[in-house]
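# Geometric and topological summary
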Amino acid sequence: MDCLNEKVLSSYLDERLSEDERRRIDGHISKCNRCLDLLIVAYEAQAKSRKVSSLLKERVKKRLGVKQKKARPELKWLLGALFLFALSFIVKRFFMQFLVGAAILGFKWAMEGEGAKRAVMIFKGIEKKEKNFERKSPPPVSDINEDTTYGTK
Amino acid sequence: MLRQAQQHWLSRIILYMFKDVPKLVERCIQGEKKAWEEFIEHFSGLLYYSARERLKRNGIAFGEQDIEDIVQSVFLEILEKGRLKEIREREKVSSWLSIMAQTRALNYIRQKRERLLRGEEFYRIDNIRVDTQGHIEEGLLIKLEEIIEGFDEREKIVLKMNIIYGKTHKEIAGFMNISINTVSTIIARRKKVLKEKLKDF
């Protein structure tokens, strides 16, 4: 069975097909598990694709010869948020507008910042450590046999 | 006047923050380095997820380094061969990128293992690993394929997506560009037939 090429497959998800074309692809993917599965992952990827490490992005950029970004690109969002926050008190007429703008930029900074990611990782680490060191309560007296020994003799 | 200027700047800020994909693609085609940097930032996650998911679903063992190499090779191919020019509708680039990452992932593993596997072997329905809540027996899957063979093409896709992939009616409707009612009707009608024929399982 000849499989459909990448462009035809992606056009199925992008809704730029006539009814006839769509029916032709339906006919193929109803029989071909390869193409159906490729499409399902592509469909899911649009919603589920997650953030990848900045290390990977930097390596890709380096290999492609694309200029690397500044050390802390997310700082511009923080500065913008602070600027709008200050402005909201100066230009009182647009207080709410500037405040909302500051909140949006602040949110963007929090989402992009390495600091926020690191903080989440630290909290997760602490939580895990606490679980590992959680004190277990001693067994009930009825469960202790005569042979059971505690500590070194 | 002031309101117009406000709206103009607001729209520019929103575009800058949430990426105007067609414009970004256009700038990449023109060879703007900064645009490529943004393109990689924007689509790395999509490529990473697609390549990883493809290998996982096909039950292929892989490491993080493999995925990174695949993502790199996809970007490299797009850049060096100027493949973005082939895209007609530039706002719809993500599904094409995802499919490309998946096929390159399989090619990469094929080359890495240095053995030839026939395409169908990779995609046989019992080779596909899907994160559904319950585990579906392989025998049941094969039987299911046999039963739905006689169904209408759309019905086959709907039933496979619902039973094998565990997709909701809404997700199937979005995927196939049909109404939720149509999906629900197909499932309700055909599940009765399936239940009858799969009584022994």
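In this text the structure is predicted, and so the values were computed from the model without any measurement.

## Points about the overall build of chain B
In terms of regular secondary structure, chain B is built from ten helices and zero strands. Secondary structure elements in chain B, listed N-terminal to C-terminal, are α-α-α-α-α-α-α-α-α-α. Counting over 201 residues, chain B shows a buried share of 28%.

## What about the overall build of chain A?
For chain A, the helix and strand inventory stands at seven helices and zero strands. Helices and strands appear in chain A in the N-to-C order α-α-α-α-α-α-α. In chain A, buried positions account for 23% of the 153 residues. Put simply, of all contacts in chain A between residues at least 6 apart along the chain, 53% involve residues at least 24 apart.

## Describing the interface of chain B and chain A
Each partner contributes residues to the interface: chain B has 44 residues there, and chain A has 39 residues. Within the residue set of the side of chain B that touches chain A, elements represented by two or more residues are helix 3 (33-57), helix 4 (64-80), helix 5 (93-113), helix 6 (119-123) and helix 8 (153-164) of chain B. Take the side of chain B that touches chain A: its biggest share by element is 14 residues, from helix 3 of chain B. Classifying every residue of the side of chain B that touches chain A by side-chain character gives 19 nonpolar, eleven polar and 14 charged.

## Focus on the packing of helix 2 (residues 19-29) of chain A against helix 8 of chain B
Remark: helix 2 of chain A packs on helix 8 of chain B, axes separated minimally by 8 Å, with the N-to-C direction vectors making an angle of 55 degrees. With respect to helix 8 of chain B, the element helix 2 of chain A is oriented oblique. The way helix 2 of chain A lies across helix 8 of chain B gives a crossing that is left-handed. Between helix 2 of chain A, through Asp26, Gly27 and Ile29 of chain A, and helix 8 of chain B, the contact on the second element is made entirely by Glu153, Arg154 and Ile157 of chain B. Its residues assigned to classes, the contact of helix 2 of chain A with helix 8 of chain B comprises two nonpolar, one polar and three charged.

## Some words on the nonpolar core
Counting residues in hydrophobic clusters, the biggest one holds 54 residues, and the most contacted among them are Leu39 of chain A together with Leu47, Ala51 and Val71 of chain B. The leading source of residues in this core is helix 3 of chain B, at ten residues. Discounting chain neighbours no more than four positions away, the residues touching Leu47 of chain B are Val71, Val74, Leu97 and Ala101 of chain B. Among the nonpolar cores identified, the runner-up in size contains six residues, and Trp77, Leu84, Leu105 and Trp109 of chain A belong to it.

## Topic: the environment of Val25 of chain B
Its location among the elements puts Val25 of chain B in helix 2 (residues 21-29). As for Val25 of chain B and Phe39 of chain B, which are separated by 14 residues in sequence, their C-alpha atoms are 7.6 Å apart.

## Overview of unusual backbone geometry
Of note, Asn177 of chain B is a non-glycine position whose phi angle comes to about 60 degrees, a positive value. If you trace the backbone, Asn177 of chain B turns up in the loop between helix 9 (169-176) and helix 10 (180-197).

## Notes on the packing of helix 3 of chain B against helix 4 of chain B
All names here are of chain B. Their axes nearest at 9 Å, the elements helix 3 and helix 4 cross at an angle of 130 degrees. In terms of their interaxial angle, helix 3 and helix 4 are classed as oblique. The handedness of the crossing between helix 3 and helix 4 is right-handed. The segment helix 3 lies against helix 4, with Trp36, Ile40, Ser44, Leu47, Tyr48, Ala51 and Arg52 engaging Ile67, Ile70, Val71, Val74, Phe75 and Leu79. Looking at the contact of helix 3 with helix 4, its residues break down into eleven nonpolar, one polar and one charged.

## Here we look at the confidence of the model for chain B
All names here are of chain B. When pLDDT is averaged along chain B, the result is 78, and 76% of the positions lie at 70 or above. Mean pLDDT across the secondary structure elements of chain B bottoms out at helix 6, with 53, and peaks at helix 9, with 89. Scoring the predicted complex yields pTM 0.61 and, for the interface, ipTM 0.72.

## Thoughts on the environment of Arg54 of chain B
By the secondary structure assignment, Arg54 of chain B is in helix 3. Looking at Arg54 of chain B, the number of C-beta atoms within 10 Å reads 28, which means it is buried. Residues Arg54 of chain B and Ala105 of chain B, 51 residues apart in the sequence, show an inter-C-alpha distance of 7.2 Å. Residue contacts for Arg54 of chain B: discarding those within four places in its chain leaves Val41 of chain A together with Gln102, Ala105 and Leu106 of chain B.

## Topic: the confidence of the model for chain A
The predicted coordinates should not be examined in detail at positions where pLDDT is low. For chain A, mean pLDDT is 78; residues scoring 70 or higher make up 72% of the total. Mean pLDDT across the elements of chain A bottoms out in helix 7 (residues 114-132) of chain A (73) and peaks in helix 2 of chain A (89).

Rules used in this analysis
- Residues numbered from 1 in each chain as written.
- Chains lettered and ligands numbered in written order.
- Predicted model: local features only at pLDDT ≥ 70, side-chain atom pairs only at ≥ 80, totals over all residues.
- Helix = DSSP H or I, 4+ residues; strand = E, 2+ residues; numbered from the N terminus.
- Buried ≥ 20, exposed ≤ 12 C-beta atoms within 10 Å, placed from the backbone.
- Contact = placed C-beta atoms within 7 Å.
- Nonpolar A, V, L, I, M, F, W, Y, C, P; charged D, E, K, R; others polar.
- Axes fitted to C-alpha atoms, helices over the stretch in contact; angles between N-to-C directions.
- Parallel < 35°, antiparallel > 145°, perpendicular 65-115°, else oblique.
- Left-handed = near helix turned anticlockwise from the far one by under 90°.
- Core = buried A, V, L, I, M, F, W, Y, C linked by C-beta atoms within 7 Å.
- pLDDT = per-residue confidence, 0-100.

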